[in-house]
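Residue-level listing of the chains:
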Amino acid sequence: MNDLIKLLQNLYDQTGQNLTADINHVYGAGGGLSLLLVLVLFLLFRKSPTKKLETPEQIKDQPTFKDEVEQVSAEIEAKQSADEVEKDALAKEESPKEEPTPVAEEKVEEKVVEISWRDRLRKGLSRSSSEVWGKIGAIFTGKGLDDDTLEEVEELLYGADIGPTIAVELIEGLEEEAKKDGFGEKEFKKYLKTFLDSKMNGVQATVDSDLYKFNEANRGKTKVIMVVGVNGAGKTTTIGKLATKLTAQGAKVVVGACDTFRAAAVDQLEVWCQRAGAQMIRAKEGANPSGVGYDALQTAINEGADYCILDTAGRLHTKGNLMEELKKSRDVLKKLDDSAPHQTLLVIDAITGQNALRQAEEFNNTLGLSGLIFTKCDGSSKAGSAIGIVDKLKVPIAYIGVGEQVEDLNIFNLSEYLDALLDLE
Ligand SMILES: Nc1nc2c(ncn2[C@@H]2O[C@H](COP(=O)(O)OP(=O)(O)OP(=O)(O)O)[C@@H](O)[C@H]2O)c(=O)[nH]1
């Protein structure tokens, strides 16, 4: 106690207080210190209150210091990654919007089955080939012809739609040929090809090549093609295909929709022209067919088009007034170009058979045809009718159609046609 009194007196002296330390001062200082200690402890306990643990489970579950450290670390990590996400998002917002990376176009393996023209033609003429020419050929067995089989051949040839004149000539020749030893089906077909070729090739050589191939040297010299035929022969479809073939070669094409009777025909033509990239001129209100033809040619000349193709309304060759109207439509073109039309093409549906000759004769008498287009050879066994018309009228076949696609129309090649018709390799 004396030591404490001394310690207190020293403290008074050093701090310059004029006091005398005694036992009461020691008790007072001790009480003050105790109070200070209690206060410190109270504050400490209030800052980190401890939970009152009641059950053994609670005690067991009470997080240890290690747990707390791990939890705090996890919280810090979570906070850091949240900050990073937020930072990234902010950076993205601030940076100019990135264009989405174009997804590489998936290459769809499209199996485009390319069918050659030769195959299309053979397929198209297969009915004529098997139902007509195959049957006739099968009669020739290499053992000559007796009267009965000759009669059978005659009958089939007359029904082959090649026309009676050619049929008679053929039979006369065949009577002689069939006497030769070993004159079988193969020989018959070869003989037939030579015969038909000799009948047609002179006429076929007169087709104007401008119909097939656009000649750059003729750029801007509008070639006028007038397309005529009976209803539904395939005029509009053929014009669509033809326009497509010419524009594909770089030619500028104007098409005149001169069918003022059937609005659907004009709409159908418009679809073809849009696809082909050709300009179509349609009738102004109340216009007549000659007027549309005139307008179309005027446009074609003004715009330096290479071709002006005129689609006329279908008409029966037996209707005199309608045939006269066609003549008027043709003549009005001469006011703009006295050499127009440069081509007048008759579209013939192969199904027509022998009646096609009558049609062709009437149209030829009225307009003077420069070419024929045989359509729908795929749906008929009468594709042979083309032969009789060429021989009789001396008008060549310019194109042949064997289906509804653009690829189904092609230049008429005599040798190819006869090979397909007679099923020769
Ligand atoms: N199978 C087949 N169908 C064809 C061919 N050519 C045209 N057609 C179809 O024949 C139908 C008549 O063809 P269009 O072109 O409208 O005939 P159009 O002569 O213009 O007819 P109109 O305007 O009524 O005189 C259409 O359904 C064509 O798709 C062909 O070569 N083969």
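What comes next concerns the included structure. (Residues numbered from 1 in each chain as written. Predicted model: local features only at pLDDT ≥ 70, side-chain atom pairs only at ≥ 80, totals over all residues. Heavy atoms only, no water.)

## So, the pairing of strand S1 (residues 223-228)
Here comes step 1: Of all six residues in S1, six are buried, a share of seventy percent or more.
Here comes step 2: Neither face of S1 is open: one carries Lys-223, Ile-225 and Val-227, the other Val-224, Met-226 and Val-228, and all of them are buried.
Here comes step 3: Bridge count for S1 against strand S4 (residues 307-311) is five bridges, and the pairing is parallel. Paired with Met-226 across the two strands is Leu-310, which belongs to S4. (Buried < 20%, exposed > 50% of the residue type's maximum accessible area, 1.4 Å probe, protein only. Helix = DSSP H or I, 4+ residues; strand = E, 2+ residues; numbered from the N terminus. Pairing = 2+ DSSP bridges.)

## Some thoughts on a negative patch on the surface
Here comes step 1: On the surface, Asp-146, Asp-147, Asp-148, Glu-151, Glu-152, Glu-155, Glu-172 and Glu-175 cluster together into a patch of negative charge.
Here comes step 2: Tracing the backbone shows Glu-175 in helix H8 (residues 164-177).
Here comes step 3: Exposure remark for Glu-175: the relative accessible area of 36% places this residue in the partly exposed category. (Patch = residues over 30% accessible without salt bridge, like charges linked within 9 Å, V, L, I, M, F, W, Y side chains within 5 Å. Areas by Shrake-Rupley, 256 points an atom, 1.4 Å probe, with all protein chains shown as cover. Salt bridge = Lys/Arg side-chain N within 4 Å of Asp/Glu carboxyl O. Lys, Arg positive; Asp, Glu negative; His and termini not counted. Charge placed at Lys NZ, Arg CZ, Asp CG, Glu CD.)

## Remarks on the packing of helix H10 (residues 235-248) against helix H11 (residues 263-276)
Here comes step 1: Relative orientation of the contacting elements H10 and H11 amounts to 15 degrees, with a least axis distance of 9 Å. As the angle between them shows, H10 and H11 are arranged roughly parallel. Where H10 crosses over H11, the handedness of that crossing is right-handed. In this structure, H10 uses Thr-236, Thr-237, Ile-239, Gly-240, Lys-241, Ala-243, Thr-244 and Thr-247 to contact H11, whose residues at the interface are Ala-265, Gln-268, Leu-269, Trp-272 and Ala-276.
Here comes step 2: Looking at the contact of H10 with H11, its residues break down into six nonpolar, six polar and one charged. (Axes fitted to C-alpha atoms, helices over the stretch in contact; angles between N-to-C directions. Parallel < 35°, antiparallel > 145°, perpendicular 65-115°, else oblique. Left-handed = near helix turned anticlockwise from the far one by under 90°. Contact = heavy atoms within 4.5 Å. Nonpolar A, V, L, I, M, F, W, Y, C, P; charged D, E, K, R; others polar.)

## Brief notes about the state of the cysteines
Here comes step 1: Applying the stated rule across the entire model yields zero disulfides.
Here comes step 2: Its sulfur unpaired, Cys-308 is 7.9 Å from the next cysteine sulfur, which belongs to Cys-258.
Here comes step 3: Its relative accessible area of 0% is what places Cys-308 among the buried residues. (Disulfide = S-S within 2.5 Å.)

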